[in-house]
Amino acid sequence: MLLSSLTPSFQWIDTPDALDAACEQVADASVIALDTEFFRENTFFPVPALIQFTAGEQAYLIDPVAVSCTDTFRALLQNSAIKLLHACSEDLEVFQHWAGVLPVPLMDTQVAQGFLSDVPGIGYQKLVEFWVGEMLPKEETRSNWLVRPLSPAQCHYAALDVIYLLKVWTLQAEKLATLGRLEWVENECQTLIEQAGRSVENDQHWYTRHRQLWRLTPRQMEAYRLMTVWREGETRRRNLPRNWLISDKLLFAIAEKMPSNRFELAEVEGIKPTLIKKEGDALLAMVKQAQHCDEAALPERWPDPMHPAFKSRFKALKKVVAAKASELGVAPEMLMRRRELETLVMQDLAEEPLTWPNGWRGEYLNADLAQALEECTS
Ligand SMILES: [Zn+2]
């Protein structure tokens, strides 16, 4: 394996004029590769430390500590050129926060690779090795990107992050086109943008990430839901990491106990007096709101994943997805995620309308999924 011999050419950008001039240089490009380096230890939002982009051999390194986003760069992020990123979810947060807009139309090389092999979630270095046959230097991944000046090694590394991305995509796109899967990647990335853009709406669903929801009654679940929505809003407003305000474990324990006053709240395991003093009233108000919520407005009870009726259905559906995935040579989670399977089973058990996969996924899966459920019932 070759160690990357390429010494990339890059330009350091720390004024609005330089940024606008760089945008001019790539104005006609059809693909722009982007990456960000950021720091996120004590904040809700990532603190941007570097923003890289390229449309060819020359990389531009923006210093977001020195220069604010300009209208020209904002327009570039939204022009018709493909915006290429790798494993983009946190990068999207950086752009949303720093630029106020998301890079579109988006293509993510990690998503693309998920439709080209049965290994989902491939890392950038492995991806470059696979397509370009070169090894990138690894040592800068954990370096401090907020120091100034950055070392030459850091700058090279940062520039290679975007330069190779472009090379990888050219090869991936060819293969995807041959397989007729370009549209799959487009759809998937479109969904990523929609989900990233709707963060306040996403707050409403945050609670469904908890693996033990089935242990809560609908009323307890409503309390837990209200508290997670509140925490999302508060941590965003105060720019704090979630767990600095209150941990998930504690919110869950409060929901289980449903305390009606400060004394009962103080009995929740692991709760600190300072938290009760600062946030106790807010927490108790939400528990009270859940206590008084109309029966009909409560969330559905989450099914117990250990229940035989759940287990058999889940297993049957999983088998269908695994078979289809192996036919296509992709990982099962690229077809359907665990959560989506669970939702289908839950709806089936509750005799509710089912949320079938849509688009190309539906074409591949729905008939077989329906048959598998049918067989579980009979
Ligand atoms: Zn990077």
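Please refer to the structure higher up on the page.
The notes below deal with the structure included here.

Reading guide: rules and limits
- Residues numbered from 1 in each chain as written.
- Predicted model: local features only at pLDDT ≥ 70, side-chain atom pairs only at ≥ 80, totals over all residues.
- Heavy atoms only, no water.
- Helix = DSSP H or I, 4+ residues; strand = E, 2+ residues; numbered from the N terminus.
- Buried < 20%, exposed > 50% of the residue type's maximum accessible area, 1.4 Å probe, protein only.
- Contact = heavy atoms within 4.5 Å.
- Areas by Shrake-Rupley, 256 points an atom, 1.4 Å probe, with all protein chains shown as cover.
- Lys, Arg positive; Asp, Glu negative; His and termini not counted.
- Charge placed at Lys NZ, Arg CZ, Asp CG, Glu CD.
- Phe/Tyr/Trp six-rings, centres within 6.5 Å; stacked < 30°, edge-to-face > 60°.
- Axes fitted to C-alpha atoms, helices over the stretch in contact; angles between N-to-C directions.
- Parallel < 35°, antiparallel > 145°, perpendicular 65-115°, else oblique.
- Left-handed = near helix turned anticlockwise from the far one by under 90°.
- Polar contact = N/O pair within 3.5 Å; in protein donor to acceptor, adjacent residues only side chain to side chain.
- Pairing = 2+ DSSP bridges.
- Donors = N, O, S within 2.8 Å, 3.2 Å for Na, K, Ca; no water.
- Nonpolar A, V, L, I, M, F, W, Y, C, P; charged D, E, K, R; others polar.

## A few points about the overall build of the protein
Per the secondary structure count, the protein includes 17 helices and 8 strands. When its C-alpha atoms are laid out on the principal axes, the protein stretches across 60 × 55 × 35 Å. By the burial criterion, 47% of the 378 residues in the protein qualify as buried. Intrachain contacts of the protein at a sequence separation of at least 6 include 69% that bridge at least 24 residues. Accessible area of the protein: about 19,200 Å², with a carbon and sulfur share of 52%. Each charge class in the protein can be summarised by its mean position, and for the 39 positive and 53 negative side chains these summaries are 8 Å apart.

## Some remarks on the packing of aromatic side chains
Inspection of every chain in the model, using the stated rule, returns 13 aromatic pairs. For the ring pair Phe115 and Trp360, a centre distance of 5.6 Å and an interplane angle of 80 degrees mean the geometry is edge-to-face. In this pair, Phe115 is assigned in the loop between α4 (109-114) and α5 (124-132) and Trp360 in helix α17 (residues 359-377), connecting sequence segments 245 residues apart. Among the residues examined, Phe115 registers a relative accessible area of 0% and is labelled buried. Ring centres of Trp360 and Tyr364 lie 6.3 Å apart, and the angle between their planes is 80 degrees; this geometry places the pair in the edge-to-face category. With a gap of 4 residues between them, Trp360 and Tyr364 both fall in helix α17, about one helical turn apart.

## Comments concerning the environment of Pro273
On the secondary structure map, Pro273 appears in helix α13 (residues 273-291). For the pair formed by Pro273 and Ser80, sequence separation is 193 residues and the distance between their alpha carbons is 54 Å.

## So, the packing of helix α14 (residues 308-328) against helix α16 (residues 338-349)
Relative orientation and spacing of two packed helices are given, respectively, by the angle between their axes and the distance between those axes. Here α14 crosses α16 at 130 degrees, and the two axes come no closer than 10 Å. Between α14 and α16, the angle falls in the class oblique. Between α14 and α16 lies a crossing whose hand is right-handed. Counting all contacts with α14, which are made through Ala309, Phe310, Arg313, Phe314, Leu317, Lys318 and Val321, the residues of α16 involved are Arg338, Leu341, Glu342, Leu344, Val345, Asp348 and Leu349.

## Some words on the side chain of Glu279
Locating Glu279 in the fold gives a position in helix α13. Given the relative accessible area of 8%, Glu279 is considered buried. Side-chain polar atoms of Glu279 contact the side chain of Arg238, separated by 3.3 Å. Not counting residues up to four positions away in its chain, the partners in contact with Glu279 are Trp230, Arg238 and Leu245.

## Things to note about the environment of Ala159
When you line up the elements, Ala159 lands in helix α6 (residues 152-179). Put simply, Ala159 and Leu365 are 206 residues apart on the chain and 41 Å apart in space, counted from C-alpha to C-alpha. The contact partners of Ala159, leaving out residues within four places of it in the chain, are Pro8, Phe10, Ala59 and Leu61.

## A word on the pairing of strand β4 (residues 47-54)
For β4, the buried fraction is high: 7 of the 8 residues fall into the buried class. Here strand β3 (residues 31-39) runs beside β4; their pairing, made up of 7 bridges, is antiparallel. Bridged to Phe39 within β4 is Val47. By the bridge criterion, 4 bridges tie β4 to strand β5 (residues 58-62) in an arrangement that is antiparallel. Among the inter-strand pairings, Phe53 is bridged to a residue of β5, identified as Tyr60. The turn linking β4 back onto β5 is made up of 3 residues.

## Let's talk about the coordination of the zinc ion
Note on the zinc ion: its protein donors are Asp35 (OD), Glu37 (OE) and Asp161 (OD). The metal-donor distances range over 2.0 Å. Each donor residue of the zinc ion lies on one chain, and together they are spaced D-x1-E-x123-D. Judged by its relative accessible area of 10%, Glu37 falls in the buried class.

## Let's talk about the sheet that holds β3
Here 6 strands make up an open sheet; going across it, the order is β2-β5-β4-β3-β6-β7 and the pairing mixed. Edge positions in the sheet fall to β2 (9-13) and β7 (106-108), since each has one partner strand and no second. Adjacent strand axes in the sheet meet at a mean angle of 25 degrees, parallel and antiparallel pairs treated alike. Contacts between helix α3 (residues 89-98) and the sheet are confined to β3, β4, β5, β6 (82-85) and β7, with β3 contributing the most and set at about 85 degrees to the helix. Packed onto the sheet, α6 meets β2, β3, β4, β5, β6 and β7 and runs at close to 145 degrees relative to β3.

## Considerations on the packing of helix α9 (residues 218-238) against α13
Contact geometry for α9 and α13: axes closest at 8 Å, N-to-C directions at 145 degrees. Considering how the two elements wind past one another, α9 and α13 form a crossing that is right-handed. Residue-level inspection shows Arg219, Glu222, Ala223, Leu226, Met227, Trp230 and Arg238 of α9 in contact with α13, the latter providing Glu279, Ala282, Leu283, Met286, Val287, Gln289, Ala290 and Gln291. Partitioning the contact of α9 with α13 into residue classes produces 9 nonpolar, 2 polar and 4 charged.

These figures capture arrangement, not role.
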